[in-house]
Protein chains: 2
Amino acid sequence: MKLDIKNGKVDMSHGSGGRAMAKLINELFIKHLNNTLLRQGNDSACFQIPEQATGSGRMVMATDAHVISPLFFPGGDIGSLAVHGTVNDIAMSGAKPLYLSASFILEEGFPLADLECIVISMAEAAETASVSIIAGDTKVVEQGKGDGVFISTTGIGVVPQGVNISGDKAQAGDAILISGSMGDHGIAILSKRENLDFETTIESDSAALNSLVADMVNAVPQIHCLRDPTRGGLATTLNELATQSKVGMQIKESNIPVNPQVTAACELLGLDPLYIANEGKLIAICAKADAENLLSVMRDHPLGKDAAIIGEVITDKHNLVQMETCFGGQRVVDWLVGEPLPRIC
Amino acid sequence: MKLDIKNGKVDMSHGSGGRAMAKLINELFIKHLNNTLLRQGNDSACFQIPEQATGSGRMVMATDAHVISPLFFPGGDIGSLAVHGTVNDIAMSGAKPLYLSASFILEEGFPLADLECIVISMAEAAETASVSIIAGDTKVVEQGKGDGVFISTTGIGVVPQGVNISGDKAQAGDAILISGSMGDHGIAILSKRENLDFETTIESDSAALNSLVADMVNAVPQIHCLRDPTRGGLATTLNELATQSKVGMQIKESNIPVNPQVTAACELLGLDPLYIANEGKLIAICAKADAENLLSVMRDHPLGKDAAIIGEVITDKHNLVQMETCFGGQRVVDWLVGEPLPRIC
């Protein structure tokens, strides 16, 4: 008997290791995430070390748990997000992502039809990002001990020769660039969660940034830092980089692109777009001499068309991020404190 | 102000990406899981491809979510289990595990002191298994949307040259070995969960099997299959291997070691030890000519001292696992159906 995906629900036996689990894995996960390595059917997936990797001799590994609520939102769902989140963490080292693993924690009673939508969305996101999901695991918890679906993804990638990108490499004088508008993801989630009705739907920017990064690294291999401003937003991520590199930063508010609907929503809700999570944007820091070249490469890519230079790295023993506001004032942009938007990713 | 580990509890801000999360990561996770690669402080960890890997050119990747309940049990806790589970999945390909990532889903209100115990236990398990946890992630969900702590770990390892172990390689005539007694983990969890009072505490067998596997692969590189009988127990895992290799199996009940307390508990509870999960045992399948040599290597290792040859692979187009019972009868040992022991790992 085949799995009843249309009307079925997750039950405890889907996590048992027995027949029901084997059926779920074969008829839902492997069916959609289909690739030779996943089909090996062992507890681990075996792959050849790619030739590029033997060049630099370096690989990267990154992991992210995804607990976003709601599971489906304008511009994506937990499945696509779980691919983008980890692909982007890999890409932020300048590496080419190769393989992902995915482990699912399902809540008893979750509709199999929704699970299938999520897995199809993962498969599509992985294909778009040119990565394969080669290993997986499924656990089931009782109703009330989870929240529908949690997905942890882990990725590995190879670092191209000559690329040495790290959060501790920003230097005074460097230029700070971002790839596009800030706050779209967080506000998309919030508006869906709170049923806020704006005139137009705000869509999450959730996207895999590895192809943008490949173009950037190809043009300017000596980029100093890359990081995606996810939880904590641009403000917190810049503070992380400033602390890690032991520098200060001076940015200019008027240079930071924010979509008008996001600005409006933030004003309504008393939120600051600089602290709102993004899932398809990146910060790049490079030598001033490389900045215009890098900017133009970014703008040539669909995911970087609104890229902008937003400021520069300065010497500051307090490692502060300071901003010239739109009104010409100067203020310190601190780390996020508290949690204005829980479970955003 | 330092994190109050003694009296503090996880709150939503520990998952925010802001200051509170940075503090939790630094003062608890990085403090205990301390290693250079983790301390890089980027969203991914960069490592050199080890020289052994350039020999065979093959690596493996495996992932496991851990949702065990209770979190602390005789013989381990979710922290050590999360290391053992993934190290063992890597080892079952004959590979040497190198690096792990760990992603945590914490429930709001969970005591930081308990979290620290779990992280210390992970660190100790990783050290014993000679692997480093090099990448991590922390998410927090609201009270009632999780269950204390869930941990997903992913591992990567390198396959030694000349080793080609896979679940589809069992051949008629091969010998089937197991490394020790069956059912200890599941019964340890169950007795803790149900507050069953046996005369002696039954301890989980949770352990990292990679050093045992290294000895085995060194002595008999041409081992055909290795697999750890976790969820679903020995019975289900043998069925998986039989299906994958398109063979049948004939085992002998009297050759399967089961601890007397486990036998007693199973009789009391109406459970079959062959379906109970193990977390520190493995099944090996090799050519009959290699079996005695492999057995003696296994018995020389502390984690294999009770190893036994339990049967042989046979030709069977129905891929059945059959057992000669202690009473001399013959029965089919089927896949696990249903879920007698949820959340065992």
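For the structure, check the block above.
Residues numbered from 1 in each chain as written. Chains lettered and ligands numbered in written order. Predicted model: local features only at pLDDT ≥ 70, side-chain atom pairs only at ≥ 80, totals over all residues. Heavy atoms only, no water.

Asks: Is there a simple way to explain unusual backbone geometry in this structure?
Replies: Trans is the prevailing form of peptide bonds, just as negative phi is the prevailing case for residues other than glycine. Residue and element names in this part refer to chain A. The residue after Ser69, namely Pro70, is reached through a cis peptide bond having omega 0°. Structurally, the position occupied by Pro70 is in the loop between β2 (58-66) and β3 (72-73). Positive phi, close to 60°, is recorded for Ser130, a residue that is not glycine. Within the secondary structure, Ser130 is located in the loop between α4 (112-128) and β6 (132-141). A residue is classified by how much of its surface remains accessible, and Ser130, at 56% relative accessible area, is exposed. Residue Arg343 is not a glycine yet carries a positive backbone phi of 55°. (Helix = DSSP H or I, 4+ residues; strand = E, 2+ residues; numbered from the N terminus. Buried < 20%, exposed > 50% of the residue type's maximum accessible area, 1.4 Å probe, protein only.)

Asks: What am I meant to see in the side chain of Ser181 of chain A here?
Replies: All names here are of chain A. Examined against the element boundaries, Ser181 turns out to sit in the loop between β8 (175-178) and α5 (184-193). Within the local environment of Ser181, its side chain forms a polar contact with the side chain of Asp184, the two groups lying 2.9 Å apart. In this structure, Ser181 is in contact with Pro257, Val258, Asn259, Asn278 and Lys281, ignoring residues within four places of it in sequence. (Polar contact = N/O pair within 3.5 Å; in protein donor to acceptor, adjacent residues only side chain to side chain. Contact = heavy atoms within 4.5 Å.)

Asks: Sorry, what's going on with helix α7 (residues 233-245) of chain A here?
Replies: Owing to its 3.6 residues per turn, the α-helix aligns residues three or four sequence positions apart on the same side. Residue and element names in this part refer to chain A. In this model α7 runs 18 Å from its N-terminal to its C-terminal C-alpha over 13 residues, within 8% of the 18 Å that 1.5 Å per residue would give. Of all 13 residues making up α7, eleven are buried, and the element is well covered by its neighbours. Lining the buried residues of α7 we find β8, β9 (225-227), β10 (248-252), β11 (283-286), β12 (308-314) and β13 (321-324). Positive backbone phi, approximately 55°, marks Lys246, located one or two places after α7. (Expected span 1.5 Å × (residues − 1).)

Asks: Looking at this structure, I do not really get the pairing of strand β8 (residues 175-178) of chain B. What am I missing?
Replies: Across a regular strand the side chains alternate sides, sitting on one face of the sheet and then on the other. Residues and elements named next belong to chain B. By the alternation rule, side chains of β8 split into Ala175 and Leu177 and Ile176 and Ile178, which are all buried. Pairing between β8 and strand β11 (residues 283-286): four bridges, direction antiparallel. Bridging across to β11, Ile178 finds its partner in Ile283. By the bridge criterion, four bridges tie β8 to strand β12 (residues 308-314) in an arrangement that is antiparallel. Its bridge partner being in β12, Ile178 is matched across the sheet by Ala308. (Pairing = 2+ DSSP bridges.)

Asks: I'm lost on the relation of the copies chain A and chain B in this one. Help?
Replies: Both copies of the chain are related by a screw-like operation: a rotation about an axis and a shift along it. Turning chain A through 180° and shifting it by 0.0 Å along the axis lays it on chain B, with an RMSD of 0.0 Å. What we have between these two chains is a two-fold relation. Judged by C-alpha distance, Gly146 of chain A is the residue of chain A that lies nearest the rotation axis, at 2.2 Å. Most of the interface of chain A is mirrored in chain B: 100% of its interface residues are interface residues there too. (Least-squares fit on C-alpha atoms with pLDDT ≥ 70 in both.)

Asks: Which parts of the structure should I look at to understand the state of the cysteines?
Replies: Note on terminology: a disulfide is the covalent bond linking the sulfur atoms of two cysteines. The tally for this structure, following the rule as stated, stands at zero disulfides over all chains. In this structure Cys225 of chain A is a free cysteine whose sulfur lies 9.7 Å from that of Cys286 of chain A, the closest cysteine sulfur available. The exposure class assigned to Cys225 of chain A is buried, which follows from its relative accessible area of 1%. The cysteine Cys266 of chain B is free of any disulfide, with Cys326 of chain B supplying the nearest cysteine sulfur at 13 Å. (Disulfide = S-S within 2.5 Å.)

Asks: Mind showing me how you'd approach the pattern of salt bridges here?
Replies: Side-chain pairs of opposite charge can arise where the charged atoms are in close proximity. The tally for this structure, following the rule as stated, stands at 26 salt bridges over all chains. Notably, a salt bridge pairs Lys139 of chain A with Asp137 of chain A, separated by 2.7 Å at the nearest N-O pair. Classification of Asp137 of chain A as buried rests on a relative accessible area of 9%. Sharing partners across several salt bridges, the network here consists of Asp64 and Arg231 of chain A together with Asp137 and Lys139 of chain B. (Salt bridge = Lys/Arg side-chain N within 4 Å of Asp/Glu carboxyl O.)

Asks: Even after reading the chapter, I still don't get the interface of chain A and chain B, so can you show me in this structure?
Replies: Interfaces are often sized by the accessible area lost when the parts come together. With 77 residues of chain A in contact, the opposing surface of chain B contributes 77 residues. Approximately 6000 Å² of surface area, both sides summed, lies buried where chain A meets chain B, with 56% of it carried by carbon and sulfur atoms. Looking only at chain A, the three residues that lose the most surface to chain B are Asp43, Met61 and Arg231 of chain A, adding up to 13% of its buried area. Across the contact surface, chain A and chain B share ten salt bridges. With its nearest N and O atoms 2.9 Å apart, the salt bridge here joins Asp334 of chain B to Arg19 of chain A. Connecting chain A to chain B are 44 residue pairs in polar contact (both at pLDDT 80 or more). Counting only elements with at least two residues in the side of chain A that touches chain B, the list comes to α1 (19-32), β1 (45-48), α2 (51-56), β2, β5 (96-107), β6, β7 (149-158) and α7 of chain A. Counted by class, the side of chain A that touches chain B contains 31 nonpolar, 29 polar and 17 charged residues. Bridging between β2 of chain A and strand β1 (residues 45-48) of chain B involves four bridges; their strand directions are antiparallel. (Buried area = accessible area lost by both parts, 1.4 Å probe. Nonpolar A, V, L, I, M, F, W, Y, C, P; charged D, E, K, R; others polar.)

Asks: Please explain the packing of helix α3 (residues 78-91) of chain A against α4 of chain A as it appears in this structure.
Replies: Packed helix pairs are specified by the crossing angle of their axes together with the interaxial distance, meaning the distance between the axes. All names here are of chain A. Contact geometry for α3 and α4: axes closest at 7 Å, N-to-C directions at 35°. Seen from above, α3 lies across α4 with right-handed handedness. Contact residues: Ile78, Gly79, Ser80, Ala82, Val83 and His84 in α3; Ile118, Ser121, Met122, Ala125 and Ala126 in α4. Counted by class, the contact of α3 with α4 contains seven nonpolar, four polar and no charged residues. (Axes fitted to C-alpha atoms, helices over the stretch in contact; angles between N-to-C directions. Left-handed = near helix turned anticlockwise from the far one by under 90°.)

Asks: Would you mind showing me how to read the sheet that holds β13 of chain A here?
Replies: Strand pairing in a sheet relies on backbone hydrogen bonds. The paired strands run either parallel or antiparallel. All names here are of chain A. An order of β9-β11-β8-β12-β10-β13-β14 is seen for the seven strands of this open sheet, with the pairing classed as mixed. Each edge of the sheet is formed by a strand with only one pairing partner; in this case those strands are β9 and β14 (330-332). Along the sheet, successive strands turn relative to each other by an average axial angle of 25°, direction set aside. Sheet topology note: the β10/β12 ladder contains four bridges and is antiparallel. From the neighbouring strand, Met249 faces β12, where its bridge partner is Val313.

Coordinates in, geometry out; function isn't part of it.
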